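So the chains spell out like this:
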Amino acid sequence: MPAGRYALHKPAACVTNVLMRHDGRQPDQLRPVQILRGFTRSAPGSVLIRAGHTHVFCTACIEELVPDWREPSGLGWVTAEYDMLPAATGQRRPRSRTRVDGRTQEVQRLIGRSLRAVVDLAKLGLRTITLDCDVLQADGGTRTAAITGAYVALCDAVSAGQRLGLWGSGVVTAGVAGVSVGLVDGELLLDLDYSEDARAAVDCNLVMTTAGQWVEVQATAEHATYTTADLTRMMELGRRGLEQLFALQTAALRSPIQPGG
């Protein structure tokens with residue numbers, strides 16, 4: 001496998017149900033995941049993440065400024081922008097030229113919150129790191145894939161800033177990743193693709209740090225309500241999937257970057 005690229009195709013080791021999904025996965029199995037670092041040359045952090053047929057391009061850029069409202073605090077800022085390319089889905093989606101729709105705002109705020117949770121903003125100084133997450137191809141789980149890939153891009157940008165003397169060590173305080181879980185046709189499934197997400201009775205997006213702390217638990221009753229026990233089961237299944245993603249991120253960051261572009 002090329003340097004800087006790491007893939008995961010293994011299922012989680014917790015299956016008691018032998019039901020196979022339409023793509024051949026077990027209920028607790030992630031889609032095949034790849035993280036390609038150094039995907040382009042221009043940004044200090046540049047990652048293409050593939051989770052099955054969902055492909056998201058994540059870049060991290062450093063700016064020597066913060067929003068005006070942030071400046072009096074003396075703290076840095078981490079923020080995100082998210083969008084889907086027009087041909088990311090089966091039907092062309094117009095570009096967001098002048099207006100960001102509600103879903104896009106929700107997703108990019110989620111990505112920003114998730115990354116800020118693992119950054120010591122005081123150590124950034126009056127600087128901003130912006131994570132741009134562009135969905136090249138969508139098949140469910142775009143927001144969670146964006147968080148998982150953006151974290152790796154963030155780490156590369158922080159390392160680049162440290163080499164330039166912009167800050168010292170300890171800017172990134174933990175890892176963070178996201179994954180989806182859902183109740184589909186009466187079964188609890190990990191890492192939903194679009195066909196599964198579209199018919200999920202309950203859809204849950206989970207974001208957790210490597211310290212075991214939850215950043216976000218978005219559990220929505222799409223077609224049926226759920227119990228506290230259901231939520232506990234979803235969070236436990238998601239936690240096991242997230243631990244696999246943490247291992248994948250760590251392995252990718254330990255490999256040399258293969259410059260792209």
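Structure: above.
It should be emphasised that the depicted structure is a prediction, and the values quoted were computed from it without experimental measurement.

Trainee: Could you clarify how one ought to interpret helix H1 (residues 102-116) in this entry?
Mentor: Residue pairs spaced three or four apart in an α-helix point in one direction, given the helix's 3.6 residues per turn. Under the 1.5 Å per step criterion, the end-to-end length of H1 is 21 Å for 15 residues, consistent within 8% with the ideal 21 Å. Listing the buried residues of H1 in full gives Thr 104, Val 107, Gln 108, Leu 110, Ile 111, Gly 112, Ser 114 and Leu 115.

Trainee: Just to check I follow, could you spell out the nonpolar core for this structure?
Mentor: Burial of nonpolar side chains together is a common tendency in soluble globular proteins. Core analysis: the largest hydrophobic core is formed by 59 residues, its most contacted members being Ile 111, Leu 115, Ile 129 and Leu 131. For this core, the element with the highest residue contribution is helix H3 (residues 142-163), accounting for 11 residues.

Trainee: When you look at the sheet that holds strand S9 (residues 200-209) in this model, what are you seeing that I'm missing?
Mentor: In spatial order, the strands read S8-S7-S9-S10; together these 4 strands make up an open sheet with antiparallel pairing. Where the open sheet ends on each side, the last strands, each with one partner, are strand S8 (187-190) and strand S10 (214-221). On average, each strand axis in the sheet is inclined to that of its neighbour by 15 degrees, with strand direction left out of account. Across 7 bridges, the pairing between S9 and S10 is antiparallel. The residue of S10 that forms the bridge with Val 207 is Glu 216. Strands in contact with H1 are strand S7 (176-184), S9 and S10; relative to S10, the strand with the most contacts, it is inclined by about 150 degrees. Contacts from helix H5 (residues 228-254) reach S7, S8, S9 and S10, with the element oriented near 140 degrees to S7.

Trainee: Explain H3 to me, please; I cannot follow it from the model alone.
Mentor: The first and last C-alpha atoms of H3 sit 31 Å apart over 22 residues, in line with the 32 Å expected at 1.5 Å per residue. Most of H3 sits inside the fold, with 19 of its 22 residues counted as buried.

Trainee: Sorry, what's going on with the layout of surface pockets here?
Mentor: Rolled over the atoms, a probe with the dimensions of a water molecule shows which regions are left empty. If you add up the space inside the largest pocket, you get close to 490 Å³. Elements that contribute at least two residues to the lining of the largest pocket include exactly H1, H3, helix H4 (194-198), S9 and S10. When its volume is computed, the second largest pocket comes out at roughly 290 Å³. If you go around the second largest pocket, you meet 17 residues; those closest to its centre are Ala 80, Glu 81, Tyr 82, Val 100 and Gln 108. The set of elements that each furnish at least two residues to the lining of the second largest pocket consists of strand S5 (77-84), H1 and strand S6 (128-137). For the lining of the second largest pocket, the residue count by class is 5 nonpolar, 6 polar and 6 charged.

Trainee: How should I be thinking about the packing of H3 against H5 in this particular structure?
Mentor: How two helices sit against one another is set out by the angle between their axes and by the gap between those axes. It is the contact of H3 with H5, at a shortest axis distance of 11 Å, that shows an interaxial angle of 30 degrees. On the basis of the axis angle, H3 is roughly parallel to H5. The two elements H3 and H5 meet at a crossing, and its hand is right-handed. Contact residues: H3 offers Thr 148, Tyr 151, Val 152, Cys 155 and Asp 156, while H5 offers Leu 245, Gln 249 and Leu 253. In terms of residue class, the contact of H3 with H5 is made up of 5 nonpolar, 2 polar and 1 charged.

Trainee: Explanation requested: the pattern of salt bridges in the structure shown.
Mentor: If the charged atoms of two oppositely charged side chains come close together, the side chains can form a pair. Within this structure, the stated rule accounts for 13 salt bridges. With a closest N to O distance of 3.1 Å, Glu 64 and Arg 127 form a salt bridge. With Glu 64 in the loop between strand S4 (54-63) and S5 and Arg 127 in the loop between helix H2 (121-124) and S6, this residue pair connects regions lying 63 residues apart in the sequence. Here Arg 127 falls in the buried class, since its relative accessible area comes to 16%. For the salt bridge of Arg 143 with Glu 106, the shortest nitrogen-to-oxygen distance reads 3.0 Å. Note that Arg 143 is positioned in helix H3 and Glu 106 in helix H1, a separation of 37 residues in sequence. By relative accessible area, which is 13% here, Arg 143 ends up buried. Three or more residues are tied together by salt bridges with common partners; here these are Arg 21, Asp 23, Arg 25 and Glu 196.

Calculation criteria
Residues numbered from 1 in each chain as written. Predicted model: local features only at pLDDT ≥ 70, side-chain atom pairs only at ≥ 80, totals over all residues. Heavy atoms only, no water. Helix = DSSP H or I, 4+ residues; strand = E, 2+ residues; numbered from the N terminus. Expected span 1.5 Å × (residues − 1). Buried < 20%, exposed > 50% of the residue type's maximum accessible area, 1.4 Å probe, protein only. Core = buried A, V, L, I, M, F, W, Y, C linked by side-chain atoms within 4.5 Å. Pairing = 2+ DSSP bridges. Axes fitted to C-alpha atoms, helices over the stretch in contact; angles between N-to-C directions. Contact = heavy atoms within 4.5 Å. 1 Å grid on protein atoms, 1.4 Å probe; cavity = no way out; pocket = protein on both sides within 12 Å on 5 of 7 lines; lining within 4 Å. Points joined across faces, edges and corners; volume = space filled by probe spheres on them. Nonpolar A, V, L, I, M, F, W, Y, C, P; charged D, E, K, R; others polar. Parallel < 35°, antiparallel > 145°, perpendicular 65-115°, else oblique. Left-handed = near helix turned anticlockwise from the far one by under 90°. Salt bridge = Lys/Arg side-chain N within 4 Å of Asp/Glu carboxyl O.

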